[in-house]
Amino acid sequence: MIETRGLTKSFKRLRALQQVDLRMEENQVVSLIGPNGSGKTTLIKCILGLVRPDGGEIHINGQPIGKDFHYRSTIGYMPQIGRYPDHMKVGQLFDLLRSLRAKHDGQTDEELIAHYRLERIYDQPMRTLSGGTRQKVSAAVAFLFNPEIYILDEPTAGLDPLSSEILKEKIRKIRDQRRLVVITSHILSDLDDLTTHILYLQEGRVHYQASMEELRNFTGEQKFGKAIASIMQQSNG
Amino acid sequence: MTARGFWVLAMLAMAFPLSAVQYIVGGVQGHATIAEALHLASAGDTVMVMGGTYREGNLLIDKPLTFIGVGRPLLDGENVHDILTLSGRNIIVMGFRLENSGISAMNDLAAIKCIDITGVHIEDNQIARSHFAIHLANASDIVVRNNSIEGVPRSEHNTGNGIHLWKCKSALIEENDISGHRDGIYFEFVSDSRIRCNTSRGNLRYGLHFMFSNDDRYEGNRFIENGAGVAVMYSRKVTMEQNEFLHNWGNAAYGLLLKDITDSYIGQNYFVHNTVGIFMEGSSRMQILWNSFSKNGWAMRIQASCNDNRISLNNFSGNTFDIATNGTLVLNDFDRNYWDKYDGYDRTRDGMGDVPYRPVSMYSMVVERNPFTLILLRSILISFLDKAEKAIPSITPELLIDRRPLMKPVRV
Amino acid sequence: MTAMWTLTRYIFSDIIRNKVIVLYAGFQLLAALLLFNLEENPDKALLSLLNIELIVIPLISMIFSTIHYYNSYEFIEMLLAQPLGRRQVFLSEFLACALSLVLAFVVGLGIPVLVHFQDLLAFNFLLTGTLLTFACTAIAFCAAVLARDKARGIGIVLLLWFYFALVYDGIVLMILFTFSDYPLERLTLLLTALNPIDLTRVSMMLRMDVSALMGYTGALFKEFFGSYRGILYTGGILLLWTILPLIMSLRIFRNKDL
């Protein structure tokens, strides 16, 4: 579903991505991990078209992405920090997005709205919401239009354990519906039981890309977190 | 014929009840031509012209006659002649329409020309498309009243004046309407005369052009949209009262241009929407009182050659600049005027501001030196500069100052 | 296109609830009411309001727009992750911002002026105030797109305001005196065109100070100031002052990394 070839991006002197080649397919939950500044966010932003790569190609469902923005209707994005206009009400945000995607012909997926009970705060302006509530709104937005690809940037950061669990349950539910979920996260243990594949980035390069099976075999660790840690150690040592 | 015309007639009829004979021109029984009737008439008679069009070239009246149009007869000069020439004494011309006098650059051709005459009364005539309309030279005891005069504005060179007086005495020019000529009213060497309640509008050069004429008075006139406004030059003892000077726009246009005028009085006039309200040059001992200056570019421009003038109790409001001058030495007295730009206070409650007002702003001095800086008018920079200059005067004339500016406008 | 208008509408209804915009409108309204009530002569009150138009409108429009752009950064990102074009999103933000500032101006100064004047002068005041708001918003957006962080963006915008409101006129004054021996007509016209605040001022001056302007020696000026061409010219160039910065910011924004 997502394929990059030779993806390269520099910001002034910083080389954020260097010749990144990767493939992500449906029915996968890919964990995008790596230390700070390893290029995770840049990679996501390249895929979303927010950052223009210096070189290389990105294909979504076999089509190269250019300046045409329509491919983004297949993507649902949950940003790390969701900030919305202060005086826009929660309900208005959903209204706005629905009317912006007037062409969207499928059913909307309002399960998260229901589970997070967001209808109750439809009349509240965004500025009155706590960080956690805003994250719930962001999550609901990402899932709203039944996309084929979900890109979730640090989805569980800022969510309380209960909400976090609801989100994970949701991810688990859609995983097997021919969808691709890309998650970046620092909190490794959170992702254990969801992840099918991992992509480890370091200094702008894909350091390691494998399925969980392969990872376990490779490191001999059953626990996801420990497996990752052992890769990190290897790469440092 | 107007009511007043009728009374003049009636009085004349009573003055010469027996000897006066009436000659009628036109109509069923009248004489065929005006020239014939004028020839037959003798002093004191009346020639009455009935309605119709008369093309008789130049008509000469050189004896005391009353020459009256009934039903507005038209005398057509066919663009060749002086239409009426008056000379001698005691001639009255009323009730005619005169059109198409000749146009000549050499001779001052006119609809009504008066030469060497004493006692001439021209009233209630309409004059159109003439070179000069009413031209008086070497005349005295003149009344020109209630005529309507409309020229064709061509260039200054081939358009004559509306009412032109040269070397005259004791004239009363009253309630005439003049437009489209070179100068609406022209006075040169005219003394002891009055110009009252005329409207002079849309003339090419001056609404009133006034030179070498002493001891005259003009009042209640309206001068509107003339090429260069009104010029009063080289004269003494002129009284200008209750006139209106409106909409005289242009880089050499003034409401009132005063050049070498002395010992004169300017009072209760209105100067509105002129590029310059009053432009004074070489003028002294003038009393300028109770005038209103509003919405002019410059209310007054006083050249350094003026002195001993008293400018008092006038209202200045809505002018872009109040006073401009080209020098720093100012010997004129500004006292108790109302300036709308004054922002002082009156703690003594005597109706006069406690701090003096400086009517010449720094910016007006700047514009004086470089007119293109006018483009910066009302910019913030300029208002800062003006404020700074007010605090520490350096280039504005120190003595040009109103020490007792009024807090409220003068009621005129 | 419909997406753009929808977006504009939602952002607009957010901005007009902003405290700063409400205060901005309130301040103008208060100033207008005070001036018209305290000053016996409404012409003089209008002159003071003109100063507000020339100083406050550019200042507030520029700073508010810059801050708004930076505060909306994450929202813009979120919008751009939707199937929306960059131009749509950027223009919506611009339009919503400019329109709410215009609304504040119309409510604060426009209506009181219209109550006292119903002539061409009042019309011109409203028109130029509106166009000036648009121009200043466009300039601010351009600066905000160019500068990556908020502090620098506000700094640039403040400097621009200071330059347009004050420094520029000083430079013009210097130029006019330095080259006073040359015919300066065309140059002067050109110089006013290069500053939106000056343009607004000149177009108001055309109405308020005709008497003085007719004293200008140049024939070009007289023709220009005496006719409607003056209004068309100032209106047109003010519009360019909106369009050109917008085109420039769109070019940058289209290839910008967010």
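Here, every reference points to the structure presented above.
Within each chain, residues carry numbers counting from 1 in the order of the written sequence. Chains carry letters from A onward and ligands carry numbers from 1 onward, assigned in written order. Only residues with pLDDT of 70 or above have their local features reported here, since the model is predicted, and side-chain atom pairs are shown and tallied only from 80 upward, although totals for entire chains, interfaces and linings are computed over all residues. Each side-chain value is derived from all of the structure's non-hydrogen atoms; neither hydrogens nor water enter the calculation.

J.: What is the right way to look at the packing of helix H2 (residues 19-38) of chain C against helix H3 (residues 42-71) of chain C in this model?
T.: The packing of two helices is summarised by the inter-axis angle and the distance between the axes. Residues and elements named next belong to chain C. A fitted line through C-alpha atoms serves as each axis, taken over the contacting stretch for helices, and the angle formed by two N-to-C directions is quoted from 0 to 180°. For the purposes of this entry, the term helix denotes a DSSP run of H or I that reaches at least four residues, the term strand denotes a run of E that reaches at least two, and both are numbered from the N terminus. Orientation of H2 relative to H3, taken along the N-to-C sense of each, is 170°, at an axis distance of 9 Å. Looking at the two axes, H2 sits roughly antiparallel to H3. Read as a crossing pair, H2 and H3 show a hand that is right-handed. Across the interface between the two elements, Val-20, Ile-21, Tyr-24, Phe-27, Gln-28, Ala-31, Ala-32, Leu-35 and Phe-36 of H2 pack against Pro-42, Ala-45, Ser-48, Leu-49, Ile-52, Val-56, Ile-57, Ile-60, Ser-61 and Phe-64 of H3. Along the lines of polarity and charge, the residues of the contact of H2 with H3 split into 16 nonpolar, three polar and no charged. The scheme is simple: roughly parallel for angles under 35 degrees, roughly antiparallel for over 145, roughly perpendicular for 65 to 115, oblique for anything else. When the near helix sits turned anticlockwise from the far one by under a right angle, the crossing is termed left-handed; a clockwise turn instead gives a right-handed crossing. Whether two residues touch is decided by their heavy atoms; if any such pair falls within 4.5 Å, the residues are in contact. Side-chain classes are defined by residue name, with Ala, Val, Leu, Ile, Met, Phe, Trp, Tyr, Cys and Pro counting as nonpolar, Asp, Glu, Lys and Arg as charged, and the others, Gly among them, as polar.

J.: How should I be thinking about helix H3 (residues 362-369) of chain B in this particular structure?
T.: Two residues of an α-helix separated by three or four positions point the same way, owing to the 3.6 residues in each turn. Buried means the residue's accessible area, taken with a 1.4 Å probe over protein chains only, is under 20% of the maximum for its type, while exposed means over 50%, and partly exposed covers the values in between. Counted residue by residue, H3(B) has six buried out of eight residues, so it is predominantly covered. Those residues of H3(B) that are buried lie in contact with strand S30 (298-302), strand S33 (321-325) and helix H4 (380-391) of chain B together with helix H7 (150-178) of chain C.

J.: Help me out: how do you make sense of the nonpolar core in this one?
T.: In a soluble, globular protein the nonpolar side chains are often hidden away together inside. For our purposes a nonpolar core is just a set of buried Ala, Val, Leu, Ile, Met, Phe, Trp, Tyr and Cys residues, chained together by side-chain atoms within 4.5 Å. If you look at the biggest cluster of nonpolar residues, it comprises 177 residues, and the most contacted ones within it are Leu43(A), Leu93(A) and Tyr69(C). It is helix H6 (residues 120-146) of chain C that provides the largest number of residues to this core, a total of 16 residues. Those residues in contact with Leu93(A), other than ones at most four positions away along the chain, are Tyr84(A), Met88(A), Met126(A), Val137(A), Val141(A), Phe75(C) and Met78(C). Of all hydrophobic cores here, the second largest spans 79 residues; its members include Phe96(B), Ile185(B), Val230(B) and Met365(B).

J.: Can you help me understand the environment of Ile395(B) in this one?
T.: Residue and element names in this part refer to chain B. Examined against the element boundaries, Ile-395 turns out to sit in the segment after H4. Counting along the chain gives 56 residues from Ile-395 to Trp-339, while the straight-line C-alpha distance between them is 21 Å. Excluding residues that lie within four positions of it along the chain, Ile-395 makes contacts with Thr-328, Met-362, Met-365, Arg-369 and Glu-389.

J.: Hey, could you run me through the interface of chain B and chain C in this one?
T.: One frequently used descriptor of interface size is the decrease in accessible area upon assembly of the parts. With 28 residues of chain B at the contact, the number on the chain C side is 35 residues. When two parts are brought into contact, each loses some accessible area as probed by a 1.4 Å sphere; the total of that loss over both is the buried area. Between chain B and chain C, a total of about 2800 Å² is buried, with carbon and sulfur atoms accounting for 69% of that surface. In terms of surface lost to chain C, no three residues of chain B exceed Phe372(B), Ile375(B) and Arg378(B), which account for 29% of the buried area on that side. Here, a salt bridge means any side-chain nitrogen of Lys or Arg that lies within 4 Å of a carboxyl oxygen of Asp or Glu. On inspection of chain B and its partner chain C, the count reaches two salt bridges. As a salt-bridge pair, Arg378(B) and Asp209(C) come within 2.8 Å of each other at their nearest N and O atoms. Definition of a polar contact: a pair of N or O atoms within 3.5 Å, with one able to donate and the other able to accept a hydrogen when the atoms are protein atoms, and with sequence-neighbouring residues admitted only if both atoms are side-chain atoms. Counting across the chain B and chain C interface gives nine residue pairs in polar contact (both at pLDDT 80 or more). Going through the elements one at a time, H3 and H4 of chain B are the ones with two or more residues in the side of chain B that touches chain C. When grouped by side-chain class, the residues that make up the side of chain B that touches chain C number 13 nonpolar, eleven polar and four charged.

J.: Mind showing me how you'd approach the side chain of Ser249(C) here?
T.: All names here are of chain C. As for its position among the elements, Ser-249 is in helix H12 (residues 229-254). Using a relative accessible area of 0% as the deciding quantity, one classes Ser-249 as buried. Dropping the residues within four chain positions of it, Ser-249 is found in contact with Phe-90, Ala-138, Phe-141, Cys-142 and Val-145.

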